[in-house]
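Each chain, written out:
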Amino acid sequence: MALQFEAFHAGGLAPGWNLLVQGHSDSGEDRFEINFLSETGDIVFHIKPRFSSATMVANTFQGGRWGQEEVSSVFPLVLGEPFEMEVSSDAEHFHVHAQEHKVLQFAHRHRPLAAITKVQVLSDHRLAQVELARKGLSWGAGGY
């Protein structure tokens, strides 16, 4: 799988950050995932749509091993169609939406949250847009 997007923020990416990924699921393979990583390189949140089973899978990879997998059967993605996924966080959970449907809520397994400093999007699908933004801050141009 190819690394399509990577961002780092020393102050931490949870809570308060929002990741938006838009792309096209153009093959039948499960070749797309989002990983939030800690300063030590642990994957503190891994989310992967599995088109083969029409499920969304979330987990952590800490201390060299995978944790307990959480699976959601809410799967609004359609193979061969454009998709949009959004990951946000609050003090207690990561929240995952796909096609504007709530898909999954995943309790934070890693503390402190400020140590979650990197996000990666890996995909063999075509990604149209990846956007990382902090809630309440606007990075667009405007009138002054």
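Residues numbered from 1 in each chain as written. Predicted model: local features only at pLDDT ≥ 70, side-chain atom pairs only at ≥ 80, totals over all residues. Heavy atoms only, no water.

If you look the protein chain up in an unreviewed UniProt entry, it shows as Galectin from Moschus moschiferus. The protein chain has a UniProt comment under Subcellular location (unreviewed entry) that states "Secreted, Extracellular space, Extracellular matrix". (UniProt positions renumbered as here; feature names shortened; annotations may be inferred.)

### Some remarks on the overall build of the protein chain
Helices and strands together make up the secondary structure of the protein chain, namely zero helices and 12 strands. The linear arrangement of helices and strands in the protein chain, starting from the amino end, is β-β-β-β-β-β-β-β-β-β-β-β. Computed over the C-alpha atoms, the radius of gyration of the protein chain is 15 Å, within 12% of the 15 Å expected from 2.2 N^0.38 for a compact globule of 144 residues. Taken over 144 residues, the protein chain has a buried fraction of 44%. For the protein chain, restricting intrachain contacts to residue pairs at least 6 apart in sequence, the fraction spanning at least 24 positions comes to 61%. (Helix = DSSP H or I, 4+ residues; strand = E, 2+ residues; numbered from the N terminus. Rg over C-alpha atoms; globule rule 2.2 N^0.38 Å. Buried < 20%, exposed > 50% of the residue type's maximum accessible area, 1.4 Å probe, protein only. Contact = heavy atoms within 4.5 Å.)

### Digging into the pairing of strand S8 (residues 82-89)
Here strand S2 (residues 17-24) runs beside S8; their pairing, made up of seven bridges, is antiparallel. The residue of S8 that forms the bridge with asparagine 18 is serine 88. By the bridge criterion, five bridges tie S8 to strand S9 (residues 93-98) in an arrangement that is antiparallel. When the bridges of S9 are listed, serine 88 appears paired with histidine 95. Hairpin connection of S8 to S9: three residues between the antiparallel strands. (Pairing = 2+ DSSP bridges.)

### Structural notes on the environment of phenylalanine 61
Among the secondary structure elements, phenylalanine 61 is positioned in strand S5 (residues 55-62). Measuring from C-alpha to C-alpha, the distance between phenylalanine 61 and asparagine 35 comes to 9.8 Å, with 26 residues separating the pair along the chain. Phenylalanine 61 has contacts with Asp42, Ile43 and Trp66, leaving out every residue within four places of it along the chain.

### Brief notes about the packing of aromatic side chains
This structure, assessed with the given rule, holds seven aromatic pairs. Arranged with centres 5.1 Å apart and planes meeting at 40°, the rings of phenylalanine 36 and phenylalanine 94 form a pair that is tilted. On the criterion of sequence distance, the pair formed by phenylalanine 36 in strand S3 (residues 32-38) and phenylalanine 94 in strand S9 is long-range, its members being 58 residues apart. The exposure classification of phenylalanine 36 matches that of phenylalanine 94, with both residues buried. Arranged with centres 5.3 Å apart and planes meeting at 85°, the rings of phenylalanine 51 and phenylalanine 75 form a pair that is edge-to-face. Taken together, the residues phenylalanine 51 in the loop between strand S4 (43-50) and S5 and phenylalanine 75 in the loop between strand S7 (70-72) and S8 connect sequence positions 24 residues apart. This pair shows no difference in class: phenylalanine 51 is buried, exactly as phenylalanine 75 is. By way of ring pairs, the aromatic residues Phe36, Phe45, Phe94 and Phe106 are connected into one cluster. (Phe/Tyr/Trp six-rings, centres within 6.5 Å; stacked < 30°, edge-to-face > 60°.)

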